[in-house]
Amino acid sequence: MDQQEIFPPPKHFSEKAHIGSMEQCEALYKACAADPEKFWAEQARNLHWFSPWKQVLDWSNPPFARWFIGGKTNIAYNCIDRHLSSARRNKAAIIWEGENFEQRILTYQELYRRVAKFCNALKKLGLKTGDRSIIYMPMIPEAAIAMLACARLGITHSVVFGGFSAEALKARIQDLSASLVITADAGLRRGKEIPLKPNVDEALPECPTVKHQVVFRRLGSKVEMKAGRDHWWHELTDGVSEQCAAEPLDSEHPLYVLYTSGTTGKPKGVVHTTGGYLTQVLSTMKWVFDIKDEDIYWCTADVGWVTGHSYVVYGPLAAGATTLMYEGAPDCPKPDRFWRIIEKYRVSIFYTSPTAIRSFIRQGDDFPNAHDLSSLRLLGSVGEPINPAAWKWYHRVIGKEKLPIVDTWWQTETGCIMISPVPGATPAKPASATRPLPGAAPDILDENGNSIPVGKGYLVLTRPWPAMLRTLHGDPERFKQNYWSRFPGKYFTGDTATRDEDGYIWLLGRNDDVIKVSGHRLSSMEVESALVRHKDVAEAAVIGAPHEIKGEGIHAFVTLKAAAKESPALADELKEWVAKEIGSISRPEKILFVAGLPKTRSGKIMRRLLREVVSADKVVGDTSTLEDYNVILKLTQQGKEEDEILAEKK
Ligand code: WT7
């Protein structure tokens with residue numbers, strides 16, 4: 001990591017930016033540090049409130065925070081209705097492109113009508129404030145419409161990524177006790193139909209809380225409709241009123257629950273609420289993306305992830321911006337699809353992941369070079385560490401050495417961006433997320449919780465922030481245990497980071513058993529549990545190993561039951577098994593058959609040793625707690641990768 005290289009903000013950008021200098025930036029930091037509550041109260045006034053709050057922050061019962069107590073607002077109202085009284089009413093709110101080149105453009109007025117109609121449809125089914133819904137949809141405008149309609153009525157939604165299996169979906173529906181599932185017949189990926197409704201049908205027999213399933217017809221695929229339970233979106237909204245008032249909701253009303261992987265096999269339901277969440281999401285939209293009315297803003301994330309919530313739907317719409325949604329794969333029909341879209345719609349802000357950037361690098365410069373990318377003015381990255389080479393390629397080939405890049409660090413739990421350059425002000429260092437934004441109070445700690453002013457350690461956040469998660473759905477104990485017990489009184493992120501002499505923060509990756517595959521967050525335990533459910537598997541240990549494009553790939557060490565025999569066919573079968581059990585993002589890169597797994601005396605699998613075996617091909621570090629050192633020796637000497645087995649068999 002070359003910490004010497006510095007890219008100052010481009011002058012042409014700073015001149016027009018909302019925050020165009022370090023002085024302006026410092027003033028903001030100072031205001032926030034001097035009186036955070038006053039600062040956030042000012043930011044919250046950027047929203048429409050039906051009735052004002054009585055208190056800005058209640059932190060009397062940590063780690064349970066409440067923001068803007070007593071205030072009443074509505075997120076959908078802030079994202080739509082507010083813009084209807086200005087020239088924005090006929091501005092594009094959502095530009096959508098289907099993978100098959102279909103195109104739809106919804107103005108703010110049209111978005112209002114569709115959301116209102118869908119609200120009235122849900123009311124017809126008897127749904128009301130306080131109910132909970134699952135949204136399991138492809139990247140189509142109806143995914144955003146469903147989210148906004150739920151937000152409008154105060155139905156807490158949980159979006160489940162369309163790539164998740166029926167099993168994973170079922171676990172989420174059950175944990176949430178949802179009464180409604182909103183889905184589509186199928187989605188489209190590389191020209192192939194990806195079934196959605198059939199997965200819901202597979203899950204529902206074991207989900208007694210679900211009373212209704214609403215199905216949007218995306219492709220006209222043949223699906224079974226169960227009378228009384230299943231309803232077509234188009235039939236339900238046919239002829240209903242295009243008007244629906246927004247519910248004034250408490251600032252702490254739960255907007256959504258988003259499930260994310262932790263260190264155990266069971267995903268955590270991260271709870272986000274209303275007033276504080278939208279306040280900070282909107283503020284970061286301005287600070288980090290410098291969002292303006294003229295922008296065509298494109299964040300490539302799926303609505304199934306937090307980025308899709310905060311920076312595809314809620315943030316850009318609250319800012320009155322035009323947000324672009326693309327349905328399909330980046331390489332469909334050819335690897336230039338993203339550049340084609342940027343050229344076609346004159347996209348000005350482009351926000352994507354390091355994995356996507358690394359795959360663009362591999363495909364070669366000819367693809368972006370064949371398109372006019374001159375509409376771009378700002379580039380962003382999120383989800384995993386971006387390596388300096390990828391940062392520089394992004395800067396040179398996409399940014400033509402003229403555009404600022406915002407490397408934004410945050411998490412499902414933080415709700416919004418916490419550490420990032422302010423593009424018109426902060427000098428960038430490739431691969432550093434640079435400095436905390438106002439409201440983010442990070443620190444880097446050693447094992448014992450002492451602050452490390454310069455150097456490497458555990459990244460924590462030391463103060464509550466408006467968009468922070470409030471709890472884990474149905475499990476406040478786990479919320480305390482998981483985030484607030486490692487360093488009492490501080491929020492532990494699970495990340496390792498370095499701070500340099502300039503106070504710049506460099507994210508180095510997770511220090512728990514979370515694996516980041518293409519920026520998607522997976523838990524070792526979740527994949528291990530899936531593997532041991534297979535009839536031939538005795539034990540499994542899963543780690544993230546470095547992967548050129550995906551950042552990390554899953555390597556699974558597997559011991560078989562006595563009757564089973566290792567073979568390349570079984571390795572393939574196990575990969576497919578995991579993909580089917582969880583979803584294809586969890587498909588292991590490699591299955592390694594081994595005689596035994598390294599464990600501590602208490603029986604805990606030592607994944608750290610396995611990581612070392614994979615990355616260094618030898619074991620370093622402390623092995624004194626190993627039950628049987630021979631196991632690790634066997635692993636390094638005999639552990640065979642499937643391709644080796646294949647080679648031997650040939
Ligand atoms: C984890 C959170 C943030 C929305 C998408 C992912 C990693 C995130 C960066 C970055 C290095 C990053 C961290 C974090 N991460 N952004 N800019 N540089 N690492 O949300 O699935 O909740 O994952 O993603 O490890 O803890 P998530």
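Residues numbered from 1 in each chain as written. Predicted model: local features only at pLDDT ≥ 70, side-chain atom pairs only at ≥ 80, totals over all residues. Heavy atoms only, no water.

A word on the state of the cysteines
Argument step 1. Evaluated as defined, the whole model comprises zero disulfides.
Argument step 2. Cysteine C119 remains unbridged, with the sulfur of C244 as its closest cysteine sulfur at 4.3 Å.
Argument step 3. Counting only cysteine sulfurs, C299 is the nearest neighbor of C332, a cysteine outside any disulfide, at a range of 20 Å. (Disulfide = S-S within 2.5 Å.)

Some points on unusual backbone geometry
If a residue is not glycine, its phi is most likely negative; likewise, a peptide bond is most likely trans.
Argument step 1. Cis geometry marks the peptide bond from P62 to P63; its omega dihedral reads 5 degrees.
Argument step 2. Structurally, P63 is set in the loop between β2 (55-61) and β3 (64-69).
Argument step 3. Here the bond from C332 into P333 is cis, since omega is -5 degrees, no more than 30 degrees from zero.
Argument step 4. Relative to the assigned elements, P333 resides in the loop between β18 (322-326) and α12 (337-345).
Argument step 5. Even without being glycine, K400 reaches a positive phi, approximately 50 degrees.
Argument step 6. As for its placement among the helices and strands, K400 is situated in the loop between α15 (388-398) and β21 (405-408).
Argument step 7. Note on K400: relative accessible area 38%, which makes it partly exposed. (Helix = DSSP H or I, 4+ residues; strand = E, 2+ residues; numbered from the N terminus. Buried < 20%, exposed > 50% of the residue type's maximum accessible area, 1.4 Å probe, protein only.)

Topic: the nonpolar core
Considering soluble globular proteins, one finds that nonpolar side chains tend to be buried as a cluster.
Argument step 1. Formed by 162 residues in total, the largest nonpolar core has its most connected members in L111, F118, L148, I173, F289, Y311 and Y314.
Argument step 2. Counting contributing residues per domain, this core is built from domain 1 (74-285) and domain 2 (518-649), each supplying no fewer than three.
Argument step 3. Setting aside chain neighbours within four positions, we find Y314 in contact with I75, C79, M147, L148, A151, H157, L255, Y256, Y277, L278 and H309. (Core = buried A, V, L, I, M, F, W, Y, C linked by side-chain atoms within 4.5 Å. Domains from an automatic or database assignment. Contact = heavy atoms within 4.5 Å.)

Focus on the packing of aromatic side chains
Argument step 1. This structure, assessed with the given rule, holds 40 aromatic pairs.
Argument step 2. Measuring from centroid to centroid gives 4.9 Å for F7 and W391, while their planes differ by 55 degrees, and the two rings are tilted. Placement of F7 in the segment before α1 (11-16) and of W391 in helix α15 is noted, with a sequence separation of 384 residues between them.
Argument step 3. For the pair F338 and F360, a centre-to-centre distance of 5.7 Å together with 70 degrees between the ring planes defines the contact as edge-to-face. Linking F338 in helix α12 with F360 in helix α13 (residues 354-363), this pair joins segments that are 22 residues apart in sequence.
Argument step 4. We classify F338 as buried; its relative accessible area is 5%.
Argument step 5. Grouped by ring-pair contacts, the aromatic residues W59, F64, W465, F479, Y483, W484 and Y491 constitute a single cluster.
Argument step 6. Residue placement shows R104 over the ring face of W96; its charged tip is 5.9 Å from the ring centre. (Phe/Tyr/Trp six-rings, centres within 6.5 Å; stacked < 30°, edge-to-face > 60°. Lys NZ or Arg CZ within 6 Å of the ring centre and 35° of its normal.)

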